Amino acid sequence: MKKILHILSIQQFTSSEVLKIFHQTCQMEKNAQRSVNLRSKSKGIVLLFYQPSTRTRASFELASHFLGYRILYSTEAAEFFSSAAKGESLEDTIELFSNYPGVKVIILRHPEKGSADRAAKIAGPYGISIINAGDGANEHPTQALLDLYTIYKLRLNQKPMKQIKLVVANDIEHSRTIRSLCLLFAKIFRPLEIGVSAPKNINLAKDIQNGLKDSGVKIIKFNDLKTAALWADFLYMTRPQIEYYRSKKLAKKFQHFRISKDFLDSIPQNYPCQILHPMPIDSKNFNEITDEARHHPRCQIFQQARNGIYIRMALLKMLLK
Amino acid sequence: MKKILHILSIQQFTSSEVLKIFHQTCQMEKNAQRSVNLRSKSKGIVLLFYQPSTRTRASFELASHFLGYRILYSTEAAEFFSSAAKGESLEDTIELFSNYPGVKVIILRHPEKGSADRAAKIAGPYGISIINAGDGANEHPTQALLDLYTIYKLRLNQKPMKQIKLVVANDIEHSRTIRSLCLLFAKIFRPLEIGVSAPKNINLAKDIQNGLKDSGVKIIKFNDLKTAALWADFLYMTRPQIEYYRSKKLAKKFQHFRISKDFLDSIPQNYPCQILHPMPIDSKNFNEITDEARHHPRCQIFQQARNGIYIRMALLKMLLK
Amino acid sequence: MKKILHILSIQQFTSSEVLKIFHQTCQMEKNAQRSVNLRSKSKGIVLLFYQPSTRTRASFELASHFLGYRILYSTEAAEFFSSAAKGESLEDTIELFSNYPGVKVIILRHPEKGSADRAAKIAGPYGISIINAGDGANEHPTQALLDLYTIYKLRLNQKPMKQIKLVVANDIEHSRTIRSLCLLFAKIFRPLEIGVSAPKNINLAKDIQNGLKDSGVKIIKFNDLKTAALWADFLYMTRPQIEYYRSKKLAKKFQHFRISKDFLDSIPQNYPCQILHPMPIDSKNFNEITDEARHHPRCQIFQQARNGIYIRMALLKMLLK
């Protein structure tokens with residue numbers, strides 16, 4: 001077979017060249033599968049992100065690097081630059097990757113609620129794992145795990161977890177993070193009570209309220225952040241998700257729900273309150289934790305973000321071992 | 001030379017620091033080239049995609065991973081985020097990468113017909129290979145190879161390839177895949193006839209019709225898909241490329257050209273017909289193969305997609321060895 | 001712990017599973033940091049690009065590959081697909097990555113002047129390096145270094161650098177490359193004079209003019225390119241940055257400032273003039289170096305681009321050793 005430099009057109013190949021390529025392709029297929037089976041590290045990870053992300057995608061990619069797993073494919077804007085732009089269904093895309101050799105885990109962020117479940121229905125029969133990295137306003141389980149891990153590590157005096165006083169604050173209605181965190185916290189650590197603090201008429205979704213009640217967790221309402229901070233071991237702040245609010249008036253309410261350095265300095269020393277936030281903080285519109293406050297000793301948000309690497313390493317290792 | 005932490009401004013460097021950097025740069029240049037020559041696996045691959053893709057880009061990336069070749073650079077939306085946005089010509093971009101050390105293969109998807117040829121004219125003198133991963137409505141040769149490989153592997157009773165009855169169907173006018181496949185199939189396996197089945201007034205491009213005639217291949221027209229399916233060993237379905245149709249009326253024609261589970265069940269057992277499709281299927285607008293039909297035993301589309309990995313491994317190995 | 005296939009929802013985990021994950025996460029944290037310390041090559045690089053780029057991003061990525069440093073995370077359109085789209089500040093994004101294990105260098109391109117300094121203020125205390133890969137119209141130091149390195153390598157007869165006659169030409173007003181190059185050249189090689197050649201009313205920014213004067217460098221104006229070329233050892237051409245010009249009239253001026261093959265052929269053999277350009281050339285609107293001229297023996301632009309790899313290898317090695 002003469003040396004081929006370019007592959008430009010099917011016109012360029014002779015019959016025998018094509019048959020040789022096909023023969024070689026058969027070999028590839030056999031070897032690819034054998035080598036994939038032999039070396040566990042050659043099992044790889046695919047990241048399909050249909051919505052913006054920094055922390056989640058980056059921490060999964062870093063976790064993969066540190067574990068030595070290969071990132072076989074990663075797209076940061078699948079809605080624009082993948083075949084989704086040509087009308088391909090999520091199911092087809094997932095089946096495609098499930099069916100590729102070497103793929104073991106697919107990490108999916110998608111705007112539609114339930115998309116991760118739909119993906120899992122497809123990937124499961126292939127033995128491929130789906131990690132839900134956020135499905136619309138529904139869930140973001142690895143975020144909830146890292147949040148709870150952060151609380152678990154930071155808790156003072158090794159206080160039993162069931163006695164931890166957690167307040168979820170600000171846009172408690174639309175945050176999928178709060179949704180996942182409340183349910184996980186209630187289930188795993190069986191607290192007696194959980195605090196909520198939000199602008200007027202912003203409420204926990206009914207199903208979470210019911211879920212908490214069913215777990216025997218009492219919901220305590222705080223109308224202002226200060227009272228909440230004095231009660232709480234952890235005050236979990238969130239970004240107002242303006243994308244979900246049609247009325248500008250409603251969005252305005254969040255303007256007065258803010259953690260500043262003065263706010264934090266005003267909490268007496270002997271109160272335990274620590275500030276968490278899943279980030280991003282909306283510095284452009286709300287600044288719900290002010291710049292100065294972000295580096296206050298009570299503010300644990302960057303340590304919290306860092307924990308995202310370790311939790312995802314643990315999860316990937318669990319799925320890939 | 002004192003330890004430098006940031007590189008922020010040329011103001012920060014002393015003359016001797018700059019000269020040291022330059023000396024070091026010379027060393028890098030020498031070593032980079034030596035190490036590139038020594039270790040063939042350090043030869044690398046660059047992917048430049050100016051149009052959306054999932055399968056093509058992913059399968060090339062996976063193929064590179066499995067072979068141990070490095071992906072030196074990959075962009076999924078070069079039209080927006082590369083210097084093309086500042087008016088850079090394709091030729092300059094290709095020459096740039098051709099001229100970088102370590103680059104051996106450039107995989108290009110570009111909206112303009114003939115772009116791969118233009119790229120090859122530039123890259124060739126550097127000894128760099130271009131792989132055409134789709135140039136507008138013109139060609140997509142690696143897709144045609146994988147399609148033909150799929151037919152080659154799946155053919156029943158080891159029927160001689162020249163007797164294979166292939167029908168290309170649906171949007172046979174704008175599919176670059178069909179263009180490449182028809183010509184490759186005719187050339188490599190010299191079939192007696194080839195079937196076409198499409199909505200009224202949708203026709204194979206004249207040059208393909210002529211190409212087939214010149215190869216002595218008779219074109220058989222089927223006005224409905226069912227008759228085609230009963231004749232065919234392989235029914236190769238395609239996505240209506242609505243982006244090429246100005247009139248909505250024309251686009252409507254495709255609404256009635258669809259492969260459903262009922263359609264497939266209605267084909268008697270002893271007929272060989274298998275369904276292929278290059279994917280993506282347009283689930284949003286046409287659903288030209290319905291969800292249920294995609295997993296019918298006659299439907300080979302996911303196996304076909306999987307073959308894309310192996311064919312591309314074979315091609316990369318051929319170019320890079 | 002039973003085998004887990006998917007991670008879809010926090011609902012799926014039992015308490016003991018979560019605690020096991022947390023235990024595992026602690027191990028990860030310890031090991032991740034140990035392994036990062038042990039193997040210097042596991043130190044990694046993060047690329048955050050908020051504006052289009054080809055050469056700069058690609059050459060940094062290739063440089064990392066050749067040195068064996070890991071690219072931990074790379075985004076080509078952070079303004080759209082990162083948390084910046086949700087209002088996150090640059091400072092928070094930088095602190096996030098500074099705080100991640102394994103990150104050692106962050107390469108930043110950002111549209112705002114001073115953004116690299118802001119990033120460094122955050123990253124510095126963590127011991128993380130920022131490389132300014134372009135901050136608005138301000139600076140692009142690694143480009144200036146590679147430009148000067150190109151001159152340094154190409155100078156004829158080993159002429160002392162201080163006698164090198166450099167002309168910066170065309171859009172000298174908005175090019176951050178020219179800004180950085182003029183100041184670096186003046187500072188490092190202390191030339192007696194520097195030439196400028198641009199359409200009428202396009203001038204070097206005042207602060208650069210002053211900077212050159214303070215360094216004792218005389219500015220020599222050339223109204224036409226030809227006179228400049230006859231004087232120069234190096235004629236450094238730039239792209240008209242139309243994005244900065246409101247008036248179409250002003251943009252038109254650049255139409256007559258162009259280097260063609262005829263132009264280069266008209267320079268007598270014994271004149272040393274060599275053409276440089278940071279690229280991209282705007283082939284769509286101006287073609288400030290025509291296609292033919294790009295491959296004229298006097299035109300060094302592709303070699304110049306190639307030097308970008310080596311200078312960045314030297315810089316990365318310096319920061320990462």
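The rules behind these values
Residues numbered from 1 in each chain as written. Chains lettered and ligands numbered in written order. Predicted model: local features only at pLDDT ≥ 70, side-chain atom pairs only at ≥ 80, totals over all residues. Heavy atoms only, no water. Helix = DSSP H or I, 4+ residues; strand = E, 2+ residues; numbered from the N terminus. Buried < 20%, exposed > 50% of the residue type's maximum accessible area, 1.4 Å probe, protein only. Contact = heavy atoms within 4.5 Å. Axes fitted to C-alpha atoms, helices over the stretch in contact; angles between N-to-C directions. Parallel < 35°, antiparallel > 145°, perpendicular 65-115°, else oblique. Left-handed = near helix turned anticlockwise from the far one by under 90°. Nonpolar A, V, L, I, M, F, W, Y, C, P; charged D, E, K, R; others polar. Pairing = 2+ DSSP bridges. Salt bridge = Lys/Arg side-chain N within 4 Å of Asp/Glu carboxyl O. Phe/Tyr/Trp six-rings, centres within 6.5 Å; stacked < 30°, edge-to-face > 60°. Lys NZ or Arg CZ within 6 Å of the ring centre and 35° of its normal. pLDDT = per-residue confidence, 0-100. Arc of directions from axis to C-beta.

Our next topic: the environment of C:Ile309. Along the chain, the position of C:Ile309 falls in helix H12 (residues 301-320). For C:Ile309, a relative accessible area of 0% translates into the label buried. Not counting residues within four places of it along the chain, the set of residues in contact with C:Ile309 comprises B:Tyr100, B:Pro101, C:Ser59, C:Leu62, C:Ala63 and C:Phe66.

As a further point, take the packing of helix H2 (residues 55-67) of chain B against helix H12 (residues 301-320) of chain B. Residue and element names in this part refer to chain B. Here H2 crosses H12 at 55 degrees, and the two axes come no closer than 8 Å. Relative to H12, the element H2 lies oblique. Like other packed secondary-structure pairs, H2 and H12 cross with a definite hand, here right-handed. Only Ala305, Gly308, Ile309, Arg312, Met313, Leu316 and Lys317 of H12 make contact with H2, whose side of the interface consists of Arg55, Thr56, Ser59, Phe60, Leu62, Ala63, Ser64, Phe66 and Leu67. Here the contact of H2 with H12 is composed, by residue class, of nine nonpolar, four polar and three charged.

Take the pairing of strand E8 (residues 234-237) of chain C next. Residues and elements named next belong to chain C. Alternating residues of E8 divide into Phe234 and Tyr236 and Leu235 and Met237, and every residue in both groups is buried. Here strand E5 (residues 166-169) pairs with E8 via four bridges, running parallel. Note on E8: the bridge partner recorded for alanine 169 is methionine 237. Sheet topology note: the E8/strand E9 (residues 274-276) ladder contains three bridges and is parallel. Residue pairing across strands places tyrosine 236 opposite leucine 276, the latter belonging to E9.

Moving on, we come to the pattern of salt bridges. A complete count under the given rule lists 27 salt bridges over all chains for this structure. In this structure, A:Asp291 engages A:Arg294 in a salt bridge whose closest nitrogen and oxygen atoms are separated by 3.3 Å. A relative accessible area of 48% means that A:Asp291 is categorised as partly exposed. For B:Glu88, the salt bridge is made with C:Arg55, and the minimal N-O distance between the two is 2.7 Å. With one member in each of two chains, B:Glu88 in the loop between helix H3 (78-81) and helix H4 (90-99) and C:Arg55 in helix H2 (residues 55-67) form a pair that bridges those chains. For the residue pair B:Glu88 and C:Arg55, the accessibility class agrees, reading buried in each case. Each of A:Glu91, A:Glu112 and A:Arg118 takes part in salt bridges that share partners, so that together they form one network.

For the rest of this paragraph, the subject is unusual backbone geometry. For residues other than glycine, phi is negative in most cases, and the peptide bonds are mostly trans. At the junction of A:Met279 and A:Pro280, the peptide bond is cis and its omega measures out at 5 degrees in the coordinates. Position of A:Pro280 relative to the elements: it lies in the loop between strand E9 (274-276) and helix H12 (301-320). A positive phi angle, near 80 degrees, is found at B:Asn170, a position not held by glycine. Within the secondary structure layout, B:Asn170 lies in the loop between strand E5 (166-169) and helix H7 (176-189). By relative accessible area, which is 0% here, B:Asn170 ends up buried. A positive phi angle, close to 50 degrees, is found at C:Asn287, a residue other than glycine. As for its position among the elements, C:Asn287 is in the loop between E9 and H12.

The next thing to look at is the packing of aromatic side chains. Residues and elements named next belong to chain A. Within the structure shown, the criterion is met by 18 aromatic pairs over all chains. The interplanar angle of 40 degrees and the centroid separation of 5.2 Å between the aromatic rings of phenylalanine 222 and tryptophan 231 together place this pair among those described as tilted. The ring centre of phenylalanine 60 lies 5.0 Å from the NZ or CZ of arginine 312, which sits over that ring.

Residue and element names in this part refer to chain B. If you walk across this open sheet you meet the four strands as E2-E1-E3-E4, and the pairing is parallel. Each edge of the open sheet carries a strand with a single partner, namely strand E2 (70-75) and strand E4 (129-135). Adjacent strand axes in the sheet meet at a mean angle of 15 degrees when their direction is disregarded.

The next point concerns the confidence of the model for chain A. Residues and elements named next belong to chain A. Per-chain confidence: chain A averages 85 in pLDDT, with 83% of residues scoring 70 or above. Confidence drops under a pLDDT of 50 for residues 35-40, and excluding neighbours within four residues, the segment shows six contacts in the predicted structure. The ipTM assigned to the predicted complex is 0.84, against a pTM of 0.87.

Here the focus is helix H8 (residues 206-214) of chain A. Residue and element names in this part refer to chain A. What H8 keeps buried is the set Ile208, Gln209, Gly211 and Leu212. When H8 is viewed along its axis, its buried side chains cluster within an angular range of 160 degrees and face the same direction. Along H8, the residues that are exposed and aim more than 90 degrees away from the buried face are Lys206, Lys213 and Asp214. If you follow the buried residues of H8, they end up packed against helix H7 (176-189), strand E6 (193-197) and strand E7 (218-222). Two residues or fewer past H8, glycine 216 is found with a positive phi of approximately 75 degrees.

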